[in-house]
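Working through the structure, step by step
Each chain, letter by letter, is given below.
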Number of protein chains: 2
Amino acid sequence: MTRFRLTVEYDGRPFMGWQRQAHGPSVQQAIEDAAKAITGEAAAVHAAGRTDAGVHALAMTAHIDIEKPIAPFRLMAALNARLRPQPVAILACEEVAGDWHARFSCLGRRYLYRIANRRAPLALEAGRAWQIARPIDADAMQAAAQALVGLHDFTTFRSAHCQSASPIKTLDRLDVRREGDMVLIEAAARSFLHHQVRSMVGCLALVGQGQWRAADLAAALEARNRAALGFNAPPDGLFFVEALYPDI
Amino acid sequence: MTRFRLTVEYDGRPFMGWQRQAHGPSVQQAIEDAAKAITGEAAAVHAAGRTDAGVHALAMTAHIDIEKPIAPFRLMAALNARLRPQPVAILACEEVAGDWHARFSCLGRRYLYRIANRRAPLALEAGRAWQIARPIDADAMQAAAQALVGLHDFTTFRSAHCQSASPIKTLDRLDVRREGDMVLIEAAARSFLHHQVRSMVGCLALVGQGQWRAADLAAALEARNRAALGFNAPPDGLFFVEALYPDI
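Parameters at a glance
- Residues numbered from 1 in each chain as written.
- Chains lettered and ligands numbered in written order.
- Predicted model: local features only at pLDDT ≥ 70, side-chain atom pairs only at ≥ 80, totals over all residues.
- Heavy atoms only, no water.
- Helix = DSSP H or I, 4+ residues; strand = E, 2+ residues; numbered from the N terminus.
- Rg over C-alpha atoms; globule rule 2.2 N^0.38 Å.
- Buried < 20%, exposed > 50% of the residue type's maximum accessible area, 1.4 Å probe, protein only.
- Contact = heavy atoms within 4.5 Å.
- Areas by Shrake-Rupley, 256 points an atom, 1.4 Å probe, with all protein chains shown as cover.
- Lys, Arg positive; Asp, Glu negative; His and termini not counted.
- Charge placed at Lys NZ, Arg CZ, Asp CG, Glu CD.
- UniProt positions renumbered as here; feature names shortened; annotations may be inferred.
- Axes fitted to C-alpha atoms, helices over the stretch in contact; angles between N-to-C directions.
- Parallel < 35°, antiparallel > 145°, perpendicular 65-115°, else oblique.
- Left-handed = near helix turned anticlockwise from the far one by under 90°.
- Polar contact = N/O pair within 3.5 Å; in protein donor to acceptor, adjacent residues only side chain to side chain.
- Least-squares fit on C-alpha atoms with pLDDT ≥ 70 in both.
- Pairing = 2+ DSSP bridges.
- 1 Å grid on protein atoms, 1.4 Å probe; cavity = no way out; pocket = protein on both sides within 12 Å on 5 of 7 lines; lining within 4 Å.
- Points joined across faces, edges and corners; volume = space filled by probe spheres on them.
- Nonpolar A, V, L, I, M, F, W, Y, C, P; charged D, E, K, R; others polar.

Let us now look at the overall build of chain A. Of the regular secondary structure elements, chain A holds five helices and ten strands. Taking 248 residues into account, the globule formula puts the C-alpha radius of gyration at 18 Å, and chain A, at 19 Å, falls close to it. A principal-axis box enclosing the C-alpha atoms of chain A has dimensions of 60 × 40 × 35 Å. Split into buried and exposed, the 248 residues of chain A put 55% on the buried side. Long-range contacts, defined here as pairs at least 24 residues apart, represent 71% of the contacts in chain A between residues at least 6 apart. Counting only carbon and sulfur atoms, one obtains 51% of the accessible surface of chain A, whose full area is about 10,700 Å². Distance from the positive charge centre (28 side chains) to the negative charge centre (25 side chains) of chain A: 4 Å.

Take the UniProt feature "binding site: substrate" (unreviewed entry) in chain A next. All names here are of chain A. Within this numbering scheme, the UniProt entry marks Tyr111 as carrying the feature "binding site: substrate" (unreviewed entry). One can find Tyr111 in strand E5 (residues 108-117). Excluding residues within four positions of it along the chain, Tyr111 makes contact with Thr51, Ile185, Glu186, Ala187, Phe192, Val197, Leu238, Phe239, Phe240 and Val241.

The next point concerns the packing of helix H3 (residues 138-145) of chain B against helix H4 (residues 196-208) of chain B. Residue and element names in this part refer to chain B. At a closest axis distance of 8 Å, the pairing of H3 and H4 adopts a crossing angle of 130°. Judged on the interaxial angle alone, H4 and H3 are oblique. The handedness of the crossing between H3 and H4 comes out as right-handed. Contacts between H3 and H4 involve Ala140, Met141, Ala144 and Ala145 from the former and Leu204, Ala205, Val207 and Gly208 from the latter.

Another aspect to go through is the side chain of A:Glu186. All names here are of chain A. Secondary-structure assignment places Glu186 in strand E9 (residues 182-189). Reaching out from Glu186, the side chain makes a polar contact with the side chain of Arg110 at a distance of 2.7 Å. Contacts of Glu186, omitting those with residues within four sequence positions, involve Arg110, Tyr111, Leu112, Arg173, Leu174, Asp175 and Arg177.

The next subject is the relation of the copies chain B and chain A. Placing chain B over chain A gives an RMSD of 0.0 Å and needs a rotation angle of 180°, together with 0.0 Å of translation along the axis. Such a turn and shift between the copies fits a two-fold axis. In terms of proximity to the rotation axis, the leading residue of chain B is B:Glu125, whose C-alpha is 5.2 Å off the axis. A symmetric contact is evident, with 100% of the interface residues of chain B recurring at the interface of chain A.

So, on to the pairing of strand E5 (residues 108-117) of chain B. Residues and elements named next belong to chain B. In terms of burial, E5 is largely enclosed, as nine of its ten residues are buried. Pairing geometry for E5 and strand E10 (residues 238-244), over six bridges, is antiparallel. What sits directly across from Arg109, in E10, is Ala243. In this sheet, strand E6 (residues 130-132) lies alongside E5 in parallel orientation, the contact comprising three bridges. What sits directly across from Ile115, in E6, is Trp130.

Our focus in this paragraph is the environment of B:Thr7. Its location among the elements puts B:Thr7 in strand E1 (residues 2-10). If we skip the residues at most four places from it in the chain, B:Thr7 touches B:Ala59, B:Met60, B:Ala89, B:Ile90, B:Leu91 and B:Ala92.

In this structure, the largest pocket encloses a volume near 1,400 Å³. Taken together, 40 residues form the lining of the largest pocket, with A:Arg114, A:Glu125, A:Arg128, B:Arg114 and B:Glu125 sitting closest to its centre. Of all the elements in the fold, those that place two or more residues in the lining of the largest pocket are E5, strand E8 (168-179), E9 and strand E10 (238-244) of chain A together with E5, strand E8 (168-179), strand E9 (182-189) and E10 of chain B. Grouping the constituent residues of the lining of the largest pocket by class yields 19 nonpolar, one polar and 20 charged.

Moving on, we come to the pairing of E1(B). Residues and elements named next belong to chain B. Most of E1 is tucked away, with nine of its nine residues classed as buried. The alternating pattern of E1 places Thr2, Phe4, Leu6, Val8 and Tyr10 on one face and Arg3, Arg5, Thr7 and Glu9 on the opposite face, and all of these are buried. Both E1 and strand E3 (residues 56-66) contribute to a ladder of eight bridges, which runs antiparallel. When the sheet's bridge partners are listed, Phe4 is paired in E3 with Ile64. Sheet topology places E1 next to strand E4 (residues 88-96); eight bridges connect them, and they run antiparallel. If you follow Arg3 over to E4, its bridge partner there is Val96.

Here is the structure:
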């Protein structure tokens, strides 16, 4: 048996999310079906993060155990050939130790959220950013965001379906910057609650448009109450950027 | 009658190209149909450049004449509402003089071609770049590209269906640079021949992969013969960037 670490890029739009489910396609199933067609084995794929419907990944880390001998390069090429024409691509594939785990060995996760701040609807970026027409003050968002950094009870920013054992997390970084029409939000933590990034972005967008002040965002955090959530940003603009591990 | 200058962004994939045609959808028809629904008038839209099937535009300039009075802001909003959910967006709309013409007043056109230099198929960028797996030397491409800059007979880089009166054009700029996995080619000229950019990119890609030397590219230009063309790059990676006009 060989455990392979996969780096996976995907466009989340055609899928119900990463996780295999009965009622629609998933990224996990796409890769598992491709692997089964290649190896004949029904191997499960485990990811660093199970993204929701419509959420994209630049580089999701996952692992899969294969019994029959196969070279990593060959597995990667075969998976990519089988995955076409779905928007799922294996960027890298390497052997790892049997006790390395994509989810449990993960030291940190990073997300990017893209807001397209313009009046016109999206054409080239449709489905890959959240379009907001009203002018956005990215500097005000950056300043307000710092109140969320650190060790906090993020109940306000946690979906009702969150499976995490605790609402207390450490948010290592939450930065906002403008690049032309795009307002980019980067979030980094060891792990996130379900919908945490989208919830924080939704509230930051209210600050950026002048509807909330920084103090309102801080108060929402303090409330530790889902009802205090201003707004949950749509999945379109969310990208899983990367997962970090100890040097192998 | 008011002439409106439109700035249009579009994803070329669902269309047979800019130009209206009998056998498939076009960007021109999408905009004309939207305008007709709004104004009741059968007005034609004229563009700075008539892109081919699959070619994208970041900002195509076009004009349309409307008889009934309508404010530019209102026309833009109404067109965008009607164009949904097609990937065509009006980024700007302003009144211009009746003798201003999107095509004939145009002083210059700029294109961008994106090559994704990686082994893995495209997922997030599918249809918006040309994926080349073999390593590409962007510096070699940049050096070779300079032989094409200037006043030349570009017959080798001209499709058989080109409607231009002459194969002699001045290419103002052809620059190649690498940004991570992406190799970006920018071309600027007053005007281009049909397929000129894709033909130049196709040949530059042969230089980048070491199959042609810079001298081979120069020889292909000198041959002034379509048969000497190395390769015509796919439309996926081609973006019309902008059209330039005298200050109004």
